[in-house]
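A look at the structure
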Amino acid sequence: MNQYIKADIMKFKILENPTIEEAYDIVDTGIRKKAVVNLFAYCKVIYEGRALSQLNWGERFIMIKPDGSFLVHQERKIDPVNWQPPKSRSRALIKENKLILESHRRSPKEKLEVEIEKVHFASFAIAEDFEDLELAGYEKDMGDMIMKHPSIIESGFTPTAREYNTEHGFIDILGKDKQGNLMVLELKCRKAGTNAVKQLRRYLSDFREENQAYLKELGAEKKEIRGILVAPDIGEDAKELIEEEGIEFKAVEAPKELKSDKKVTLDIF
């Protein structure tokens, strides 16, 4: 027997083992109400657009969001096996006793079609959520912390620029030590590997004698140039490489507190 959960009929509706007609009604109503639609169904998926793909019959989880996102998940992996991005247009129809879900995108022209033979459950829910995700523990948070508390790096360190553009990319933080030497900081929020060392080495090459324009701009053309790799930890291969390159390492943990928290803890080694 089909079961309805009616704790708040205006907010959500759930059907277990609905008929194709009942599942169609759930999906169609959910799309019109700009709700989140969820189905667990036995289906086949066909995509036409920049390429062609077909996922043969199997049980999948299908989600349609009010922003137009259309997702088909298998029971494994984080990412959907098929999907359409926000601003796609979705619709439901019944054809030859099957429920057909379509998601269309105009530019580029794409179509994702899900042919459903059996629905195990179907639901829609009107969600009220006005918050944006706060992130902490990333390179940006580490950079903010260092700009506010430069002594984390060393006593007398003075940051002078952030996201400084060079031939090889954007340097996280530029600064000077108490002797006026130029310091080039590469930040990593997790254990640093050889790629981070090589990137820092490329940045340092921008400040060699053949690129004196950078140094003149910073007023440091006659000073030493120091490369500092800043991360919570460093791999053994990377440790050997920085020794070869004359690059320094400073162990610093990125702050884990969110902006909404009142306290900030600095983990400095």
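Up top you'll find the structure we're talking about.
Now for a description of the structure that goes with this document. (Residues numbered from 1 in each chain as written. Predicted model: local features only at pLDDT ≥ 70, side-chain atom pairs only at ≥ 80, totals over all residues. Heavy atoms only, no water.)

A cluster of like negative charges, contributed by Asp237, Glu240, Glu243 and Glu244, occupies part of the molecular surface. The residue Glu240 is located in helix α5 (residues 236-245) in this model. Residue Glu240 is classed as partly exposed on the basis of its relative accessible area, which comes to 47%. (Patch = residues over 30% accessible without salt bridge, like charges linked within 9 Å, V, L, I, M, F, W, Y side chains within 5 Å. Areas by Shrake-Rupley, 256 points an atom, 1.4 Å probe, with all protein chains shown as cover. Salt bridge = Lys/Arg side-chain N within 4 Å of Asp/Glu carboxyl O. Lys, Arg positive; Asp, Glu negative; His and termini not counted. Charge placed at Lys NZ, Arg CZ, Asp CG, Glu CD. Helix = DSSP H or I, 4+ residues; strand = E, 2+ residues; numbered from the N terminus. Buried < 20%, exposed > 50% of the residue type's maximum accessible area, 1.4 Å probe, protein only.)

If you walk through the whole model with that rule in mind, you get 17 salt bridges. We note a salt bridge from Glu75 to Arg76, for which the minimum N-O separation is 3.0 Å. Judged by its relative accessible area of 60%, Glu75 falls in the exposed class. Accessibility expressed as a relative area gives 44% for Arg76, which makes it partly exposed.

Another point: the sheet that holds strand β10 (residues 169-176). Strand pairing in a sheet relies on backbone hydrogen bonds. The paired strands run either parallel or antiparallel. Spatial ordering of the open sheet is given by β9-β10-β11-β12-β13, a layout of five strands whose pairing is mixed. Of all the strands in the sheet, just β9 (158-166) and β13 (248-251) have a single pairing partner and so form its edges. For this sheet, the mean inter-axis angle between neighbouring strands, taken without regard to orientation, is 30°. The strands touched by helix α2 (residues 139-148) within the sheet are β9, β10, β11 (182-187) and β12 (225-231), with β9 carrying the most contacts at an inclination of about 145°. (Pairing = 2+ DSSP bridges. Axes fitted to C-alpha atoms, helices over the stretch in contact; angles between N-to-C directions. Contact = heavy atoms within 4.5 Å.)

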